[in-house]
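Here's the letter readout for the chains.
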Amino acid sequence: MENLTNPAFRGTFDPADGVAVLTFQMEGRANKLNQVALEGLSGALDWAYALPGLKGIVLTSGHRDFCVGADLEMIQAERDPARIFEAVKLFHGLHRKMEKGVPVVAAINGSALGGGLELALACHHRVCLADARIQLGLPEVMLGVLPGGGGTQRLPRMIGIQAALELLTTGAQLRPDKAKAKGLVDELADTPEALLAASRAWIAANPKAKQPWDKKGFVWPGGVQPGTPDARNLFLAGCAMAYKRTAGAFPAIESIVACVQEGAGLTFDRALEVEGRRFAALVVSDVAKDMIRTLFFHKQAADKQEGLPRVEDHGIRKVTILGAGMMGAGLAFVCAKTGFEVVLKDIAADAVERGLAHVHQQIGKLKHLDDAGRKAIADRVTGTLELEPCRGSDLVIEAVVENTRVKHAVTRETEPLLAPNGIWASNTSAIPIDDLVKASAHPDRFIGLHFFSPVEKMPLLEIIAGAATSDDTLARCLAFGRAIKKTCIVVNDGYGFYTSRTFSAYIVEGAQLVAEGHDPRLVEWAAKTAGMVVPPLQVFDEVSLNLGKHAIEQGAEYKGAEILEAPGVKLVFALAAAGRLGKIANAGFYEYADGKRKGLWSGLSEYAAATPEVTGLDVIRQRLMLAQIAEVGRCLDEGILRQHRDAEVGAILGIGFAPNAGGPLAYADRYGLPALVRDLDALAESCGDRFRPAETFRRMAAAGERFFEV
Ligand SMILES: NC(=O)c1ccc[n+]([C@@H]2O[C@H](COP(=O)([O-])OP(=O)(O)OC[C@H]3O[C@@H](n4cnc5c(N)ncnc54)[C@H](O)[C@@H]3O)[C@@H](O)[C@H]2O)c1
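What you are looking at is a predicted structure, and each value in this text was computed from that prediction instead of being measured.

## Points about the overall build of the protein chain
Within the protein chain, the regular secondary structure consists of 28 helices and 20 strands. The dimensions of the protein chain, computed from C-alpha atoms along their principal axes, are 85 × 65 × 55 Å. A total of 710 residues make up the protein chain; the buried ones form 50% of that total. A separation of at least 24 residues holds for 74% of the contacts in the protein chain among residues at least 6 apart in sequence.

## Description of the sheet that holds strand S7 (residues 125-129)
Reading across the sheet, the seven strands line up as S1-S2-S3-S4-S5-S7-S10 and stay open at both edges, with mixed pairing between neighbours. At either end of the open sheet lies a strand with only one pairing partner, and these are strand S1 (4-5) and strand S10 (187-189). As paired strands, strand S3 (residues 19-24) and strand S4 (residues 56-61) are joined by six bridges and run parallel to one another. Note that in S4 the partner of Val19 across the bridge is Gly56.

## Quick look at unusual backbone geometry
With an omega dihedral of -5 degrees, the bond running from Ser453 to Pro454 counts as a cis peptide bond. With respect to the helices and strands, the residue Pro454 is situated in the loop between strand S16 (446-451) and strand S17 (460-465). A positive phi is found at Asp594, a non-glycine position, where the angle reads about 50 degrees. Here Asp594 lies in the loop between strand S19 (590-593) and strand S20 (596-600).

## Here's the deal with the sheet that holds strand S9 (residues 173-174)
Strand order across the open sheet formed by three strands is S6-S8-S9, with mixed pairing between neighbours. Only two strands of the sheet have a single partner each, and these edge strands are strand S6 (112-113) and S9. Judged from the two bridges that link them, strand S8 (residues 136-137) and S9 form a sheet pairing that is antiparallel. Looking at the pairing, Gly137 lines up with Gln173 of S9.

## Examining the environment of Arg482
Relative to the assigned elements, Arg482 resides in helix H18 (residues 471-483). According to the C-beta neighbour criterion, Arg482 is partly exposed, with 18 such atoms within 10 Å. Here the alpha-carbon distance between Arg482 and Gln305, two residues 177 residues apart in the chain, equals 8.7 Å.

## Looking at the site of the ligand
Around the ligand sit 24 residues, and of these Gly323, Gly325, Met327, Ala351 and Ser453 come closest. Looking at the shell around the ligand, the elements with two or more residues in it are helix H13 (326-338) and helix H16 (404-414). Among the elements that take part in the shell around the ligand, H13 stands out by supplying three residues, more than any other.

## Things to note about the domain arrangement of the protein chain
As assigned here, the protein chain comprises domain 1 (4-283), domain 2 (318-495) and domain 3 (500-639 + 672-703). Between domain 1 and domain 3, the C-alpha centre-to-centre distance is 44 Å.

## Some points on the pairing of S20
In terms of strand pairing, S19 meets S20 through three bridges, oriented antiparallel. Bridge pairing links Tyr590 to Leu600 in S20. From the end of S19 to the start of S20, which pair antiparallel, there are two residues, and Asp594 there has a positive phi angle of about 50 degrees.

## Here we look at the packing of helix H22 (residues 545-559) against helix H23 (residues 567-577)
It is at 9 Å that the axes of H22 and H23 come closest, and there the two elements cross at 135 degrees. Taken together, the axis directions place H22 and H23 in an arrangement best described as oblique. For the pair H22 and H23, the crossing hand works out as left-handed. In this structure, H22 uses Leu545, Asn546, Gly548, Lys549 and Ile552 to contact H23, whose residues at the interface are Val569, Val572, Phe573, Leu575 and Ala576.

## Here's the deal with the packing of helix H24 (residues 617-637) against helix H26 (residues 664-671)
Interhelical geometry of H24 versus H26 gives an angle of 110 degrees and a closest axis separation of 10 Å. Between H24 and H26, the angle is such that the two are roughly perpendicular. Helix-helix and strand crossings are classified by hand; for H24 and H26 the assignment is left-handed. For the pair formed by H24 and H26, the contact residues are Met625, Gln628, Ile629 and Val632 on the first element and Pro664, Leu665, Tyr667 and Ala668 on the second.

## Digging into H22
For H22, with 15 residues, the first-to-last C-alpha span of 20 Å sits near the 21 Å given by 1.5 Å per residue. Check the buried side of H22 and you find it contacts helix H19 (499-515), helix H21 (536-543) and H23. Gly560 lies just past H22 and shows a positive phi near 105 degrees.

## Comments concerning the pairing of strand S13 (residues 381-384)
Burial along S13 is one-sided: the face carrying Val381 and Gly383 is buried and the face carrying Thr382 and Thr384 is not. Where strand S12 (residues 341-345) lies against S13, four bridges are found, and the strand directions are parallel. Looking across to S13, one finds that Val343 is bridged to Thr382.

## Here's the deal with the nonpolar core
With 215 residues, the main nonpolar core has Ile108, Leu331, Ala332, Val342, Ile447 and Ile463 as its most contacted residues. Sort the elements by how many residues they give to this core and H24 lands first, with 10 residues. The contacts of Leu331, once residues within four sequence positions are left out, are Ile321, Ile397, Ala399, Phe451 and Val455.

## Some remarks on the environment of Lys570
If you trace the backbone, Lys570 turns up in helix H23. As for Lys570 and Ala515, which are separated by 55 residues in sequence, their C-alpha atoms are 8.4 Å apart.

## Let's talk about helix H12 (residues 286-303)
With 18 residues, H12 should reach 26 Å at 1.5 Å per residue; the first-to-last C-alpha distance of 24 Å fits that figure. Along its length, H12 shows its largest kink, about 30 degrees, at Arg293. All of the buried residues in H12 are Val287, Ala288, Lys289, Asp290, Met291, Ile292, Arg293, Thr294, Leu295, His298 and Ala302. Packed against the buried residues of H12 are helix H2 (72-77), helix H10 (251-264), helix H11 (268-283), strand S18 (487-492), helix H25 (644-655) and H26. Positive phi shows up at Gln305, right after H12, with a value of about 55 degrees.

## With respect to the environment of Val401
Structurally, Val401 can be placed in the loop between strand S14 (393-398) and H16. Val401 sits in the exposed class, given 11 other C-beta atoms within 10 Å.

What counts and what doesn't
Residues numbered from 1 in each chain as written. Predicted model: local features only at pLDDT ≥ 70, side-chain atom pairs only at ≥ 80, totals over all residues. Helix = DSSP H or I, 4+ residues; strand = E, 2+ residues; numbered from the N terminus. Buried ≥ 20, exposed ≤ 12 C-beta atoms within 10 Å, placed from the backbone. Contact = placed C-beta atoms within 7 Å. Pairing = 2+ DSSP bridges. Near = placed C-beta within 6 Å. Domains from an automatic or database assignment. Axes fitted to C-alpha atoms, helices over the stretch in contact; angles between N-to-C directions. Parallel < 35°, antiparallel > 145°, perpendicular 65-115°, else oblique. Left-handed = near helix turned anticlockwise from the far one by under 90°. Expected span 1.5 Å × (residues − 1). Core = buried A, V, L, I, M, F, W, Y, C linked by C-beta atoms within 7 Å. Bend = angle between axes of the 7 residues up to and from the residue.

Encoded structure:
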């Protein structure tokens with residue numbers, strides 16, 4: 001028999017053991033599930049099943065990844081649920097065909113995500129290459145949809161209801177060893193050769209393989225059987241926990257729980273239909289469209305730095321981090337891990353000591369490296385109180401205290417030690433770069449690199465170009481951002497840049513609502529119902545009220561002293577004066593016991609006005625969200641934002657803006673610009689000028705425009 005080649009699969013057959021190997025390899029760099037892939041798989045299965053003497057099939061990949069899931073361009077473009085349901089049925093049908101024929105083994109030689117993992121779950125057995133770069137999981141929920149290729153039905157029947165719900169609702173991605181421990185894969189193999197050999201061996205040993213759920217008397221793993229009181233309790237608790245997490249703002253999570261619950265009481269094929277219908281409903285929803293646009297397409301464009309000045313070589317070898325505090329220590333680790341030589345300088349010996357301890361603690365977490373690998377990173381970092389070791393740095397990232405005078409002083413002192421063509425970057429949260437640059441002798445090589453805390457974890461880097469920052473400096477910093485694997489947005493200069501301004505509008509509005517007498521519990525819950533990742537009072541406590549107070553005072557220098565008169569600002573200052581500084585002080589808007597957050601502090605009411613006549617979730621939610629949207633509008637008017645995608649990516653990745661909205665501009669689109677302008681005008685009248693709608697909004701509303709296509 002001839003070998004097979006189609007646009008998605010290659011097939012070879014060895015009559016000696018009767019095993020056909022189907023290699024998934026679409027044109028381009030990755031396997032994505034779309035029409036071509038499904039037709040290819042269908043053709044490949046037909047080819048294999050016609051082979052005389054076929055005993056089994058091994059499914060593997062010719063790309064670096066096994067399969068990274070559905071083709072999101074196809075999903076994003078589709079608005080017709082019936083067509084989606086039809087496509088899903090086709091995929092389900094192919095899976096069922098595989099399950100009912102000869103033994104099929106997935107030889108997973110690269111990451112298997114979403115529909116890619118679902119394809120593997122529909123095989124009778126899974127062997128995975130034990131390679132730490134490989135990830136397995138069903139991350140659909142992160143994009144507002146659910147696994148529509150049988151994942152919500154096979155996974156619970158494979159690893160138990162509770163374990164499956166955990167993976168499905170969090171979208172967790174696991175390395176091969178963890179995936180094996182959880183039961184997502186059955187075997188690990190050390191080399192690609194061993195992977196294929198193990199797959200063939202399993203076929204030889206299991207000629208009559210059947211999926212557990214297709215066997216008579218199937219017993220669900222994990223101890224809980226559907227239809228029992230235990231199962232009912234589990235789903236009841238699951239629903240309650242899901243709602244506590246989502247506050248109803250992330251319909252995919254609730255739909256996943258419902259899918260598992262409904263499916264558990266049905267025959268397998270009916271259960272797949274339930275999943276297909278729920279999948280189709282989510283795919284066409286605004287939430288999914290907005291999440292996919294921002295978290296996939298915009299983020300990808302930001303990661304590729306599309307439309308931004310580019311150099312391949314940043315020319316940076318040695319980096320000095322000034323200030324070994326919270327930010328400096330994290331920066332030192334991230335830079336050393338990437339391979340830069342790092343000098344971590346402070347003026348206090350204990351700060352250097354603590355900074356280095358933090359670096360070493362982070363290095364200790366790099367379990368995929370051996371001792372030598374970890375030591376190599378540690379050896380790249382030098383802590384110092386001296387200036388001389390900073391000499392010859394190609395990049396200085398200044399992360400000293402947030403104070404213009406101090407920042408000017410360190411610039412004057414250290415900039416002369418830069419290598420020729422070296423770059424000076426400030427990690428200031430808010431001070432305009434054009435103010436900081438006044439102490440510099442090389443304004444063209446002066447820039448803002450605003451990182452987020454904790455630096456090791458937070459994916460965003462907000463790059464601020466000052467008036468004099470050269471394109472070359474910007475391009476080199478973008479290359480540096482790529483090297484340290486951060487998603488970059490580039491904004492123009494102005495107090496608070498983009499992210500700090502928007503974030504501050506959010507948390508100060510939270511405080512303002514409390515001061516006006518709205519119930520703080522409603523304030524927190526309203527934010528969650530809008531999808532905000534952390535409620536405003538909780539996050540205020542985490543940032544610390546002292547830092548907030550400092551930032552507000554600094555802001556007053558730029559925005560005018562009248563902002564200090566707002567009741568919300570006065571509340572923050574009063575709490576700070578009373579020592580309620582937030583989490584670090586074990587007391588803030590919340591009460592704490594041993595560092596753990598308990599309830600909201602009952603004494604807050606003493607600092608607040610009487611409950612206003614008009615209050616409630618809707619009123620509060622609108623204020624919390626529109627305070628931010630109004631600020632984002634001003635960032636557009638003032639030219640702080642250069643691209644719409646940066647507004648979306650920056651808000652979600654940097655400050656925990658509601659991912660379900662797709663970002664502030666998508667939020668504005670969904671609100672409807674004419675309605676937004678009308679409501680902002682009304683709020684400006686009743687609550688103050690901070691709500692005044694941007695000219696950009698007015699112009700677009702009048703012209704019937706929107707920020708993004710539907
Ligand atoms: N903490 C955050 O979440 C965050 C986020 C983004 C940006 N930032 C900004 O990063 C900067 C640092 O913030 P942080 O939270 O790490 O502060 P921090 O107080 O934890 O650390 C500041 C460090 O700078 C040191 N320092 C002071 N003067 C110095 C000098 N002349 N030379 C060298 N070191 C000196 C201090 O000893 C201290 O160790 C600030 O500008 C802040 O606004 C902070």
